[in-house]
Amino acid sequence: MKNYHVAVVGATGAVGNEMIKVLEERNFPVGKLTLLASERSLGKELSFKGRSLPVEVLTESSFRGVEIGLFSAGGSISEKFGPVAAAAGCVVIDNTNAFRMTPEVPLVVPEVNPEAIGLYKNKGIIANPNCSTIQMVVALKPIHDAAKIKRIVVSTYQAVSGTGKKAIEELALQTRALLSGQDPVTKVYPHRIAFNCLPQIDVFMENGYTKEEMKMVRETKKIMNDPGIAVTATTVRVPVFFAHSESVNIETERKITPDEVRKLLAAAPGVRVVDNPAEKLYPMAIDAAGQDATLVGRIREDESIPNGINMWVVADNIRKGAALNAVQIAEILIQKHL
(Lines give C-alpha, C1' and ligand atoms only; values in the text may rest on other atoms or scores of the structure.)
Protein backbone atom coordinates (compact mmCIF):
# COMPACT_ATOMS: atom_id res chain seq x y z
CA MET A 1 0.00 0.00 0.00
CA LYS A 2 1.22 3.46 -0.85
CA ASN A 3 2.07 5.82 2.01
CA TYR A 4 0.91 9.43 1.89
CA HIS A 5 2.28 12.78 2.97
CA VAL A 6 -0.41 14.12 5.30
CA ALA A 7 -0.61 17.57 6.90
CA VAL A 8 -2.74 18.49 9.89
CA VAL A 9 -3.58 22.20 9.94
CA GLY A 10 -4.49 23.39 13.43
CA ALA A 11 -2.56 20.48 14.91
CA THR A 12 -2.42 21.89 18.44
CA GLY A 13 -6.18 22.40 18.79
CA ALA A 14 -8.65 19.92 20.28
CA VAL A 15 -9.71 18.56 16.88
CA GLY A 16 -6.17 18.63 15.49
CA ASN A 17 -4.94 16.57 18.44
CA GLU A 18 -7.74 14.07 17.83
CA MET A 19 -6.96 13.90 14.11
CA ILE A 20 -3.39 12.85 14.90
CA LYS A 21 -4.67 10.29 17.38
CA VAL A 22 -7.20 8.84 14.91
CA LEU A 23 -4.61 8.62 12.11
CA GLU A 24 -2.46 6.53 14.44
CA GLU A 25 -5.26 4.37 15.86
CA ARG A 26 -6.66 3.52 12.42
CA ASN A 27 -3.18 2.89 11.02
CA PHE A 28 -3.72 5.33 8.15
CA PRO A 29 -0.85 4.91 5.67
CA VAL A 30 1.09 8.02 6.64
CA GLY A 31 4.52 8.21 5.05
CA LYS A 32 5.20 11.69 6.39
CA LEU A 33 3.15 13.78 8.82
CA THR A 34 3.47 17.55 8.81
CA LEU A 35 1.98 19.40 11.77
CA LEU A 36 0.97 23.00 11.09
CA ALA A 37 -0.31 25.76 13.36
CA SER A 38 0.12 29.47 14.05
CA GLU A 39 3.29 31.13 15.28
CA ARG A 40 2.00 30.79 18.87
CA SER A 41 2.70 27.05 18.63
CA LEU A 42 6.23 27.36 17.29
CA GLY A 43 8.58 25.17 19.36
CA LYS A 44 5.87 22.74 20.42
CA GLU A 45 6.12 19.03 19.65
CA LEU A 46 3.39 16.41 19.36
CA SER A 47 3.62 12.64 19.47
CA PHE A 48 2.78 10.34 16.54
CA LYS A 49 3.55 6.61 16.60
CA GLY A 50 6.05 7.01 19.42
CA ARG A 51 7.96 9.87 17.79
CA SER A 52 7.92 13.55 18.66
CA LEU A 53 7.20 15.76 15.66
CA PRO A 54 7.77 19.53 15.61
CA VAL A 55 4.86 21.88 14.99
CA GLU A 56 5.65 24.11 12.03
CA VAL A 57 4.26 27.56 11.28
CA LEU A 58 1.58 27.53 8.59
CA THR A 59 2.65 29.47 5.49
CA GLU A 60 1.69 29.49 1.81
CA SER A 61 4.67 27.23 1.06
CA SER A 62 3.69 24.60 3.68
CA PHE A 63 1.97 22.28 1.18
CA ARG A 64 4.76 21.36 -1.22
CA GLY A 65 4.60 17.60 -1.60
CA VAL A 66 1.61 17.24 0.76
CA GLU A 67 -1.04 14.91 -0.69
CA ILE A 68 -3.80 15.13 1.95
CA GLY A 69 -4.49 18.09 4.23
CA LEU A 70 -6.74 17.78 7.27
CA PHE A 71 -7.77 21.33 8.15
CA SER A 72 -9.18 22.37 11.54
CA ALA A 73 -7.83 25.82 12.34
CA GLY A 74 -10.88 28.05 11.82
CA GLY A 75 -12.85 29.26 8.83
CA SER A 76 -10.68 32.26 7.97
CA ILE A 77 -7.54 30.08 7.89
CA SER A 78 -9.28 27.54 5.64
CA GLU A 79 -10.56 30.26 3.32
CA LYS A 80 -7.03 31.57 2.89
CA PHE A 81 -4.95 28.39 2.84
CA GLY A 82 -7.42 25.78 1.52
CA PRO A 83 -7.22 26.98 -2.10
CA VAL A 84 -3.44 27.43 -1.72
CA ALA A 85 -3.08 23.81 -0.60
CA ALA A 86 -5.37 22.57 -3.39
CA ALA A 87 -3.37 24.51 -5.98
CA ALA A 88 -0.24 22.74 -4.72
CA GLY A 89 -1.85 19.36 -5.44
CA CYS A 90 -3.04 18.61 -1.91
CA VAL A 91 -6.58 17.27 -1.40
CA VAL A 92 -8.05 19.36 1.41
CA ILE A 93 -10.48 17.82 3.90
CA ASP A 94 -11.77 20.86 5.73
CA ASN A 95 -13.45 20.77 9.11
CA THR A 96 -14.65 24.38 9.12
CA ASN A 97 -17.71 26.14 7.73
CA ALA A 98 -15.65 27.78 4.97
CA PHE A 99 -16.69 25.57 2.04
CA ARG A 100 -19.62 23.45 3.25
CA MET A 101 -22.29 25.20 1.23
CA THR A 102 -20.12 25.89 -1.84
CA PRO A 103 -22.05 24.05 -4.59
CA GLU A 104 -18.94 22.52 -6.21
CA VAL A 105 -17.51 21.25 -2.90
CA PRO A 106 -18.78 17.86 -1.65
CA LEU A 107 -20.09 17.80 1.92
CA VAL A 108 -19.49 14.26 3.12
CA VAL A 109 -20.45 11.83 5.87
CA PRO A 110 -18.95 8.47 4.77
CA GLU A 111 -21.88 6.41 6.12
CA VAL A 112 -24.35 8.61 4.23
CA ASN A 113 -22.95 9.90 0.91
CA PRO A 114 -19.49 8.41 0.22
CA GLU A 115 -20.15 8.67 -3.53
CA ALA A 116 -19.80 12.46 -3.25
CA ILE A 117 -16.09 12.19 -2.37
CA GLY A 118 -15.19 11.91 -6.08
CA LEU A 119 -16.39 15.49 -6.55
CA TYR A 120 -13.24 16.69 -4.76
CA LYS A 121 -11.79 17.12 -8.27
CA ASN A 122 -13.94 20.24 -8.72
CA LYS A 123 -11.87 22.38 -6.36
CA GLY A 124 -9.50 19.96 -4.61
CA ILE A 125 -11.55 20.37 -1.42
CA ILE A 126 -13.92 18.12 0.56
CA ALA A 127 -15.95 19.65 3.39
CA ASN A 128 -16.50 17.96 6.74
CA PRO A 129 -20.00 18.82 8.03
CA ASN A 130 -20.91 20.43 11.33
CA CYS A 131 -20.55 18.00 14.26
CA SER A 132 -24.21 18.13 15.24
CA THR A 133 -25.29 17.52 11.65
CA ILE A 134 -22.97 14.51 11.22
CA GLN A 135 -24.39 12.43 14.06
CA MET A 136 -27.98 13.24 13.11
CA VAL A 137 -27.68 12.22 9.45
CA VAL A 138 -25.79 9.02 10.36
CA ALA A 139 -28.87 8.01 12.36
CA LEU A 140 -31.46 9.28 9.87
CA LYS A 141 -30.13 8.11 6.49
CA PRO A 142 -31.25 4.46 6.89
CA ILE A 143 -34.74 5.65 7.88
CA HIS A 144 -34.86 8.11 4.98
CA ASP A 145 -33.96 5.33 2.55
CA ALA A 146 -36.69 3.08 3.96
CA ALA A 147 -39.57 5.45 4.61
CA LYS A 148 -38.59 8.89 3.19
CA ILE A 149 -38.34 11.58 5.86
CA LYS A 150 -40.55 14.62 5.20
CA ARG A 151 -39.70 16.75 8.25
CA ILE A 152 -37.06 16.87 11.00
CA VAL A 153 -37.36 18.77 14.28
CA VAL A 154 -34.12 18.65 16.27
CA SER A 155 -33.04 20.13 19.60
CA THR A 156 -29.38 19.74 20.51
CA TYR A 157 -27.55 19.63 23.83
CA GLN A 158 -23.99 20.39 22.81
CA ALA A 159 -20.77 19.92 24.78
CA VAL A 160 -18.36 22.79 25.38
CA SER A 161 -15.56 20.98 23.51
CA GLY A 162 -17.36 22.05 20.35
CA THR A 163 -16.05 25.55 21.07
CA GLY A 164 -12.48 24.41 21.74
CA LYS A 165 -9.89 23.99 24.44
CA LYS A 166 -10.55 27.38 26.07
CA ALA A 167 -14.22 26.48 26.59
CA ILE A 168 -13.29 23.15 28.20
CA GLU A 169 -11.00 25.02 30.56
CA GLU A 170 -13.65 27.67 31.29
CA LEU A 171 -16.26 25.07 32.29
CA ALA A 172 -13.75 23.39 34.61
CA LEU A 173 -12.67 26.70 36.19
CA GLN A 174 -16.23 27.99 36.60
CA THR A 175 -17.36 24.72 38.19
CA ARG A 176 -14.43 24.77 40.60
CA ALA A 177 -15.08 28.43 41.48
CA LEU A 178 -18.79 27.93 42.15
CA LEU A 179 -18.20 24.84 44.30
CA SER A 180 -15.63 26.87 46.28
CA GLY A 181 -18.04 29.77 46.83
CA GLN A 182 -16.18 32.07 44.46
CA ASP A 183 -17.43 34.19 41.55
CA PRO A 184 -16.84 32.46 38.20
CA VAL A 185 -15.05 34.27 35.38
CA THR A 186 -16.84 34.33 32.02
CA LYS A 187 -14.77 34.90 28.87
CA VAL A 188 -15.61 32.33 26.18
CA TYR A 189 -19.41 32.43 26.28
CA PRO A 190 -21.77 35.41 26.69
CA HIS A 191 -23.02 33.94 29.99
CA ARG A 192 -21.81 31.47 32.58
CA ILE A 193 -21.87 27.88 31.27
CA ALA A 194 -21.31 25.99 34.54
CA PHE A 195 -24.66 24.70 35.91
CA ASN A 196 -26.43 26.49 33.06
CA CYS A 197 -27.79 25.97 29.54
CA LEU A 198 -27.24 28.55 26.80
CA PRO A 199 -29.79 28.53 23.96
CA GLN A 200 -27.27 30.22 21.67
CA ILE A 201 -24.53 28.57 19.62
CA ASP A 202 -22.77 30.97 17.25
CA VAL A 203 -24.29 34.33 16.29
CA PHE A 204 -27.96 35.16 15.74
CA MET A 205 -29.15 35.71 12.18
CA GLU A 206 -31.88 37.93 10.77
CA ASN A 207 -34.48 35.13 10.90
CA GLY A 208 -34.02 34.71 14.67
CA TYR A 209 -32.12 31.43 14.35
CA THR A 210 -28.45 31.06 15.22
CA LYS A 211 -25.82 30.27 12.61
CA GLU A 212 -25.41 26.80 14.15
CA GLU A 213 -29.11 26.09 13.72
CA MET A 214 -29.10 27.15 10.09
CA LYS A 215 -25.98 25.05 9.46
CA MET A 216 -27.98 21.98 10.52
CA VAL A 217 -30.87 22.94 8.25
CA ARG A 218 -28.81 23.61 5.13
CA GLU A 219 -26.20 20.88 5.59
CA THR A 220 -28.79 18.15 6.16
CA LYS A 221 -30.48 18.94 2.84
CA LYS A 222 -27.14 18.89 0.99
CA ILE A 223 -25.76 15.69 2.56
CA MET A 224 -29.04 13.79 2.12
CA ASN A 225 -29.29 15.17 -1.43
CA ASP A 226 -32.90 16.10 -0.77
CA PRO A 227 -33.74 19.84 -0.71
CA GLY A 228 -37.37 18.93 -0.03
CA ILE A 229 -36.76 17.74 3.54
CA ALA A 230 -38.16 20.30 6.01
CA VAL A 231 -35.70 20.86 8.87
CA THR A 232 -35.91 23.08 11.93
CA ALA A 233 -33.37 23.20 14.76
CA THR A 234 -32.78 24.64 18.21
CA THR A 235 -29.17 24.31 19.40
CA VAL A 236 -28.20 24.61 23.06
CA ARG A 237 -24.81 24.63 24.80
CA VAL A 238 -24.80 22.55 27.99
CA PRO A 239 -22.22 22.05 30.78
CA VAL A 240 -20.85 18.77 29.40
CA PHE A 241 -17.22 18.37 28.33
CA PHE A 242 -17.52 15.87 25.46
CA ALA A 243 -20.30 14.44 23.25
CA HIS A 244 -23.36 16.14 21.81
CA SER A 245 -26.87 14.86 22.54
CA GLU A 246 -29.88 15.46 20.31
CA SER A 247 -33.63 15.03 20.58
CA VAL A 248 -34.73 14.22 17.04
CA ASN A 249 -38.35 14.08 15.85
CA ILE A 250 -39.08 12.94 12.31
CA GLU A 251 -42.18 12.66 10.14
CA THR A 252 -42.03 10.10 7.34
CA GLU A 253 -44.06 9.54 4.17
CA ARG A 254 -44.50 5.83 4.89
CA LYS A 255 -45.38 4.72 8.40
CA ILE A 256 -42.48 3.02 10.12
CA THR A 257 -42.63 1.40 13.55
CA PRO A 258 -40.11 1.80 16.37
CA ASP A 259 -39.16 -1.87 15.97
CA GLU A 260 -38.48 -1.35 12.27
CA VAL A 261 -36.32 1.65 13.12
CA ARG A 262 -34.34 -0.35 15.68
CA LYS A 263 -33.70 -3.12 13.15
CA LEU A 264 -32.62 -0.66 10.46
CA LEU A 265 -30.25 1.15 12.80
CA ALA A 266 -28.84 -2.05 14.28
CA ALA A 267 -27.63 -2.93 10.78
CA ALA A 268 -26.51 0.59 9.85
CA PRO A 269 -22.81 1.49 9.60
CA GLY A 270 -21.50 3.72 12.37
CA VAL A 271 -24.60 3.30 14.58
CA ARG A 272 -25.03 1.49 17.90
CA VAL A 273 -28.57 1.09 19.23
CA VAL A 274 -28.77 1.56 23.02
CA ASP A 275 -32.48 1.31 23.71
CA ASN A 276 -33.80 -0.67 26.66
CA PRO A 277 -35.90 1.63 28.87
CA ALA A 278 -36.84 -1.26 31.20
CA GLU A 279 -33.18 -1.54 32.15
CA LYS A 280 -32.68 2.26 32.05
CA LEU A 281 -30.42 1.85 29.05
CA TYR A 282 -30.24 4.82 26.68
CA PRO A 283 -27.44 6.86 25.10
CA MET A 284 -25.56 9.22 27.39
CA ALA A 285 -22.75 11.67 26.73
CA ILE A 286 -20.45 9.93 29.20
CA ASP A 287 -20.85 6.68 27.24
CA ALA A 288 -20.33 8.25 23.80
CA ALA A 289 -17.18 10.20 24.74
CA GLY A 290 -14.16 8.61 23.09
CA GLN A 291 -16.29 6.26 20.98
CA ASP A 292 -16.49 6.02 17.19
CA ALA A 293 -20.16 5.02 17.02
CA THR A 294 -23.22 7.24 17.02
CA LEU A 295 -25.50 5.99 19.81
CA VAL A 296 -29.27 5.96 19.25
CA GLY A 297 -32.01 5.20 21.77
CA ARG A 298 -35.38 6.31 23.22
CA ILE A 299 -36.86 5.22 19.87
CA ARG A 300 -40.62 5.59 20.09
CA GLU A 301 -43.66 6.58 18.09
CA ASP A 302 -44.71 10.21 18.02
CA GLU A 303 -48.35 9.71 18.94
CA SER A 304 -49.32 13.24 17.93
CA ILE A 305 -49.02 12.55 14.18
CA PRO A 306 -49.73 9.51 11.95
CA ASN A 307 -46.15 8.86 10.78
CA GLY A 308 -43.82 10.16 13.46
CA ILE A 309 -40.78 8.84 15.35
CA ASN A 310 -38.85 10.31 18.28
CA MET A 311 -35.27 9.34 19.11
CA TRP A 312 -32.26 10.40 21.17
CA VAL A 313 -28.92 10.59 19.31
CA VAL A 314 -25.53 10.96 21.03
CA ALA A 315 -21.98 11.04 19.63
CA ASP A 316 -18.52 12.33 20.47
CA ASN A 317 -18.38 15.70 18.73
CA ILE A 318 -14.59 15.85 18.58
CA ARG A 319 -14.26 12.30 17.31
CA LYS A 320 -17.13 11.32 14.96
CA GLY A 321 -18.24 14.93 14.75
CA ALA A 322 -14.86 16.06 13.41
CA ALA A 323 -11.60 14.08 13.43
CA LEU A 324 -12.88 10.57 12.74
CA ASN A 325 -15.22 11.73 9.98
CA ALA A 326 -12.32 13.52 8.27
CA VAL A 327 -10.02 10.48 8.45
CA GLN A 328 -12.81 8.19 7.19
CA ILE A 329 -13.17 10.51 4.19
CA ALA A 330 -9.40 10.28 3.63
CA GLU A 331 -9.57 6.46 3.79
CA ILE A 332 -12.18 6.31 1.02
CA LEU A 333 -10.26 8.95 -0.93
CA ILE A 334 -7.09 6.84 -1.09
CA GLN A 335 -8.98 3.58 -1.67
CA LYS A 336 -11.10 4.78 -4.59
CA HIS A 337 -9.88 8.10 -5.94
CA LEU A 338 -6.15 8.75 -5.50
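Up top you'll find the structure we're talking about.
Procedures and definitions
Residues numbered from 1 in each chain as written. Predicted model: local features only at pLDDT ≥ 70, side-chain atom pairs only at ≥ 80, totals over all residues. Heavy atoms only, no water. Helix = DSSP H or I, 4+ residues; strand = E, 2+ residues; numbered from the N terminus. Buried < 20%, exposed > 50% of the residue type's maximum accessible area, 1.4 Å probe, protein only. Pairing = 2+ DSSP bridges. Axes fitted to C-alpha atoms, helices over the stretch in contact; angles between N-to-C directions. Contact = heavy atoms within 4.5 Å. Phe/Tyr/Trp six-rings, centres within 6.5 Å; stacked < 30°, edge-to-face > 60°. Salt bridge = Lys/Arg side-chain N within 4 Å of Asp/Glu carboxyl O.

Things to note about the side chain of N130
Argument step 1. If you trace the backbone, N130 turns up in the loop between β7 (125–127) and α3 (131–147).
Argument step 2. Given the relative accessible area of 5%, N130 is considered buried.

Some words on the sheet that holds strand β6 (residues 91–94)
Argument step 1. The strand order β3-β4-β2-β1-β5-β6-β7 describes an open sheet built from seven strands, whose pairing is mixed. A strand with exactly one partner marks an edge of an open sheet, and here the two such strands are β3 (45–48) and β7. For this sheet, the mean angle separating the axes of adjacent strands, direction not counted, is 25°.
Argument step 2. For β6 and β7, the ladder comprises three bridges, and the chain directions are parallel. Looking at the pairing, I93 lines up with I126 of β7.
Argument step 3. The sheet contacts of helix α1 (residues 14–25) involve β1 (4–9), β2 (30–37), β3 and β5 (68–71), and relative to β3 the element is tilted by about 25°.

So, the packing of aromatic side chains
Argument step 1. In the structure shown here, the tally under the stated rule is two aromatic pairs.
Argument step 2. With 5.6 Å between their ring centres and 15° between their planes, F63 and F71 make a pair best called stacked. Across this residue pair, the class does not change: F63 and F71 are buried.

So, the sheet that holds strand β12 (residues 294–301)
Argument step 1. Reading across the sheet, the six strands line up as β9-β8-β10-β13-β12-β11 and stay open at both edges, with mixed pairing between neighbours. Strands with a single pairing partner mark the edges of an open sheet, and in this sheet they are β9 (230–237) and β11 (271–273). Shown here is a sheet whose adjacent strand axes are inclined to one another by a mean of 20°, direction ignored.
Argument step 2. Relative to strand β10 (residues 244–252), strand β8 (residues 149–158) runs antiparallel, the two being bridged by eight bridges. Bridge pairing in β10 places R151 opposite E251.

Some remarks on the pattern of salt bridges
Argument step 1. Counted under the stated rule, the structure contains 17 salt bridges.
Argument step 2. The partner of R26 in a salt bridge is E331, and the shortest N-O contact between them spans 2.8 Å. Placement of the pair is R26 in the loop between α1 and β2 and E331 in helix α8 (residues 319–336), with a sequence separation of 305 residues.
Argument step 3. On the accessibility criterion, R26 (32% relative accessible area) is partly exposed.

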